[in-house]
Amino acid sequence: MKAIRPKPRAFILTRAFVLSGLVLANFVAEETTLQALASITPQSLIEPSATKVPAQPPSNCQIQGQEKSSTVPQDALVQVLRNLPQCPSDVLDLRQELQKRGATFMTTLVANRGFHNASAGSFSLFESLTGTLQGVDFQLNPGMFFLGHFTTADKQILSLDQNPLSDGLMIELIAWDPSKGLFNFYELIGKSAQKGGWHYRGDSRDILADTQALHLPRPSGQAAFGNRLRCSGCHLAGGPIMKELTLPHNDWWLKTRPLPLAENKPDPTLSVFLNQLQNASVLSQHVQTGMLQLLNSPTYQGIPRSLQAQLRPLFCPEELNLESDSQPLAETGPEIEIPASALLDLHWQQKDLKVNTQTYLTALKQLKSRFPETDQPDADHAWLSPVKAWSDQAAIDRLQQKGLIDEEFIADVLAVDLVRPVVSEQRCGLLQYVPTQWSPDWQAKLRQNLSRHTTPAALQLFRHLRDPSLNQQSHQAKAKQYLEACQQRLNSPEGIQDLLQFLAAQRLAIAKSEISSNPRGQILEPGFRVIFPIWETPKQVPQLNLACLPAE
């Protein structure tokens, strides 16, 4: 475990839990709840602009790095710690202090190295806190306070990984600060035999500063990421994240299908946590609520950003989510369901595809597919795919609400390299032609810039923006035809092989994308998380064209 997890590691709320075995009614009910939550922007979530807060008297519990903040942090963690005679030294001490003040914990669990790979004892617990806390001057609502911590195994005894001797990460924590209108990021790092040390790493504004050059033209030698805080490698939008945000939450614990622990036995302390676990969908709701709170914050909206940076989620990925077949592969029926979002942007709202289960398993065998560190041929859920992040889509929706872009512009952009919905170098490269600053005629300037270039992508977007017949309706029809062609190809072994190789290419594209280029932490957490199966791929993986055939 210690050799696997870097010390300290980036704070990530996206460890995944396993949902499966739910009856269809449960799936529909939970998905409906998530969709309803994602569509609201309640006025109660909007916070006032950040104001300068008077300095507080010295506290017996010092958090290193707070001097980096332009305003004194006033989140729930700070308000609790400053009144303590000494700092909590581990997650148990912290939880005890928070519970004494009225906090309610919602605890979830994820298998870091895959559902069927528990021998190493690598799990993560993610907790969301709510309640009216004594000593905290605001109500702690869902989506305002998250903490993550981890497990370790020794001689088949599974326990909380809270050893300060390791100099490693003991707690990751993200807390909403109403005085700022932003999230603050913290870590508890082991430093001695007695206790760990608390560190303030930065806030949402710092993350946007770290990611301001991502996917954009920049001087030769300048890195895509800044170096303010490690959390920027995963929380690229500045708020909470969860990669397996939607059903079936591959690799997360479910009441109907608990995570296996292999030969490991939880010790009494960990058993208390495991007896209180909740479904991953609850955490998903809280993560979405927290991200909406950030997007609606006047402080966040007021952070200066170029027009290119504001439009970036439309052209390029900033974060990512993972989707798959709704049933575990070991329990699936005669057909596997492939999420349409694995082949098309969510904007096109197409029906999922179907593939024969036995034919799919035969194709995996021919590819010599295996899930690392196990004898399994695949992830727990089939066709596990990187898809467009919910946070990216929420950012696009926000731009549309502000009137900066409309449905036609969104469709015109997404129809460029339509067959690569998440990572498209062609579509992402078009961002350089967007004016850096907003003006009433910025779209005219974009068209003018495009007209000066002859790359296929530039010519295609220029046509989309100029030709009235190339509109949302025509783009939608093209997307539908493409998906229908892919469904037809899934009826043949050769077609399944081509689509599986395309899937492998999309997984690899995430690892090679600029969003995975932060040397201090990457969104797929290589070395700590094991997410995808692997198989032999040709040196030149064929890309698909609009006929869902290998492109020439």
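The rules behind the values
Residue indices begin from 1 for each chain and proceed along its sequence in written order. In keeping with the model being predicted, local features are shown solely for residues with a pLDDT of at least 70 and side-chain atom pairs are shown and tallied solely at 80 or more, while totals for entire chains, interfaces and linings include all residues. As a convention, hydrogens and water are excluded, and side-chain values are obtained from all of the structure's heavy atoms. Secondary structure counts use DSSP, requiring at least four H or I residues in a row for a helix and at least two E residues in a row for a strand, with both numbered from the N terminus. What a helix is expected to span follows from its residue count: subtract one and scale by 1.5 Å. Per-residue accessibility, obtained with a 1.4 Å probe over protein chains only, is compared with the maximum for each type, and a residue is labelled buried under 20%, exposed over 50%, and partly exposed between these values. A pair is scored as a salt bridge if a Lys or Arg side-chain nitrogen falls within 4 Å of a carboxyl oxygen belonging to Asp or Glu. For this text, the term disulfide refers to a pair of cysteine sulfurs within 2.5 Å. Contacts: residue pairs with any heavy atoms within 4.5 Å of one another. Pairing between strands is defined by DSSP: at least two bridges between the two strands are required.

### Topic: helix α16 (residues 493–512)
Alright, step 1. Compared with an ideal rise of 1.5 Å per residue, which puts 20 residues at 28 Å, α16 spans 29 Å between its outermost C-alpha atoms and is within 8% of the ideal.
Alright, step 2. A large share of α16 lies buried, amounting to 15 of its 20 residues.

### Some details on the pattern of salt bridges
Alright, step 1. All chains considered together, the criterion is met by 20 salt bridges.
Alright, step 2. The partner of Asp-380 in a salt bridge is Arg-257, and the shortest N-O contact between them spans 2.6 Å. Placement of the pair is Asp-380 in the loop between α9 (357–366) and β12 (385–388) and Arg-257 in the loop between α4 (204–210) and β8 (265–266), with a sequence separation of 123 residues.
Alright, step 3. The exposure class assigned to Asp-380 is buried, which follows from its relative accessible area of 3%.
Alright, step 4. A salt bridge links Asp-498 to Arg-489; its shortest N-O distance comes to 2.8 Å.
Alright, step 5. Accessibility expressed as a relative area gives 14% for Asp-498, which makes it buried.
Alright, step 6. Each of the salt bridges in this network shares a partner with another, and the network as a whole consists of Glu-97, Lys-100 and Arg-101.

### Regarding the state of the cysteines
Alright, step 1. Under the definition given, this model contains three disulfides.
Alright, step 2. Between Cys-61 and Cys-87 runs a disulfide, and the two sulfur atoms are separated by 1.9 Å. Since a negative S-S torsion denotes a left-handed disulfide, the Cys-61-Cys-87 link at about 105° is right-handed. With a gap of 26 residues between them, Cys-61 in the loop between α1 (24–39) and α2 (76–81) and Cys-87 in the loop between α2 and α3 (91–100) connect regions that are remote in the sequence.
Alright, step 3. Note that Cys-486 is cross-linked by a disulfide to Cys-548, the S-S spacing being 2.1 Å. Between Cys-486 and Cys-548, the disulfide has an S-S torsion of 105° and is therefore right-handed. Of the two residues, Cys-486 sits in helix α15 (residues 472–489) while Cys-548 sits in the segment after α16, which places them 62 residues apart along the sequence.
Alright, step 4. By relative accessible area, Cys-548 is classed as buried at 0%.

### Notes on helix α10 (residues 390–401)
Alright, step 1. A rise of 1.5 Å per residue sets the reference length of α10, with its 12 residues, at 16 Å; its end C-alpha atoms lie 16 Å apart and thus fit the reference within 8%.
Alright, step 2. Of all the residues in α10, the buried ones are Trp-390, Ser-391, Asp-392, Gln-393, Ala-394, Ala-395, Ile-396 and Leu-399.
Alright, step 3. The positive-phi residue at the C-terminal boundary of α10 is Gly-403, with phi of around 85°.

### A short note on the environment of Leu-274
Alright, step 1. By secondary structure assignment, the location of Leu-274 is in helix α5 (residues 268–274).
Alright, step 2. Overall, Leu-274 belongs to the buried group, its relative accessible area being 17%.
Alright, step 3. The contact partners of Leu-274, leaving out residues within four places of it in the chain, are Leu-109, Leu-261 and Pro-266.

### Considering the pairing of strand β5 (residues 169–177)
Residues in a regular strand point their side chains to alternate faces of the sheet.
Alright, step 1. Taking burial as the measure, the nine residues of β5 include nine buried ones, the bulk of the element.
Alright, step 2. Relative to strand β6 (residues 182–190), β5 is paired through eight bridges, and the arrangement is antiparallel. The partner of Trp-176 across the bridge, within β6, is Phe-183.
Alright, step 3. Hairpin remark: β5 followed by β6, antiparallel, with four residues in the connecting loop; positive phi at Gly-181, about 75°.

None of this, on its own, says anything about what the molecule does.
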